[in-house]
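Structure assessment
Below are the chains, spelled out letter by letter.
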Amino acid sequence: LSLTESFASFPADGILRRAVTYSRVTDVDGNTILENDFDGKRVFKTSTARIMNQLLSTVTEDGTGKWITLDDFVDCAGKTGTSHGCPSGTDDSHP
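Residues numbered from 1 in each chain as written. Predicted model: local features only at pLDDT ≥ 70, side-chain atom pairs only at ≥ 80, totals over all residues. Heavy atoms only, no water.

1. Here we look at the packing of aromatic side chains
- A complete count under the given rule lists 2 aromatic pairs for this structure.
- Between Phe-7 and Phe-10 the ring centres are 5.8 Å apart and the planes differ by 85°, which places this aromatic pair in the edge-to-face class.
- For Phe-10, a relative accessible area of 8% puts it in the buried group.
- Relative to Phe-44, the ring of Phe-10 has its centre 5.2 Å away and its plane inclined at 35°; by these criteria the two rings are tilted. Remark: Phe-44 occurs in the loop between β4 (41-42) and α2 (46-61) and Phe-10 occurs in the loop between α1 (2-8) and β1 (15-16); sequence separation between them is 34 residues. (Phe/Tyr/Trp six-rings, centres within 6.5 Å; stacked < 30°, edge-to-face > 60°. Buried < 20%, exposed > 50% of the residue type's maximum accessible area, 1.4 Å probe, protein only. Helix = DSSP H or I, 4+ residues; strand = E, 2+ residues; numbered from the N terminus.)

Take a look at the structure:
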């Protein structure tokens, strides 16, 4: 879940928010019983998040996720595959 939350910070312009399953719960009279706080924390500059969106969108435009049909309705991006096998000369100690 934390990985999903992290990736969700890119389309949110760099704001990290925790995942929630509800926004508000009320009783039959409309009184709020539970409410989630949607405040987030900036973890990336907006410009960095937008660059990541652009990079990750290539997966759904030209890569292995190009079969996704949501792109006709909303902007799509994705991460597939692995980061193993770094090019020669890079730090591959953290696969």
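Let's pick the thread back up.
2. Here's the deal with the layout of surface pockets
- There is about 240 Å³ of room inside the largest pocket.
- In terms of lining, the largest pocket is formed by 14 residues, of which the most central are Pro-11, Asn-53, Asp-75, Cys-76 and Ala-77.
- Contributions of two or more residues to the lining of the largest pocket are made by α1 and α2.
- By residue number, the principal contributor to the lining of the largest pocket is α2, which donates 4 residues.
- Of the residues belonging to the lining of the largest pocket, the class tally is 7 nonpolar, 3 polar and 4 charged. (1 Å grid on protein atoms, 1.4 Å probe; cavity = no way out; pocket = protein on both sides within 12 Å on 5 of 7 lines; lining within 4 Å. Points joined across faces, edges and corners; volume = space filled by probe spheres on them. Nonpolar A, V, L, I, M, F, W, Y, C, P; charged D, E, K, R; others polar.)

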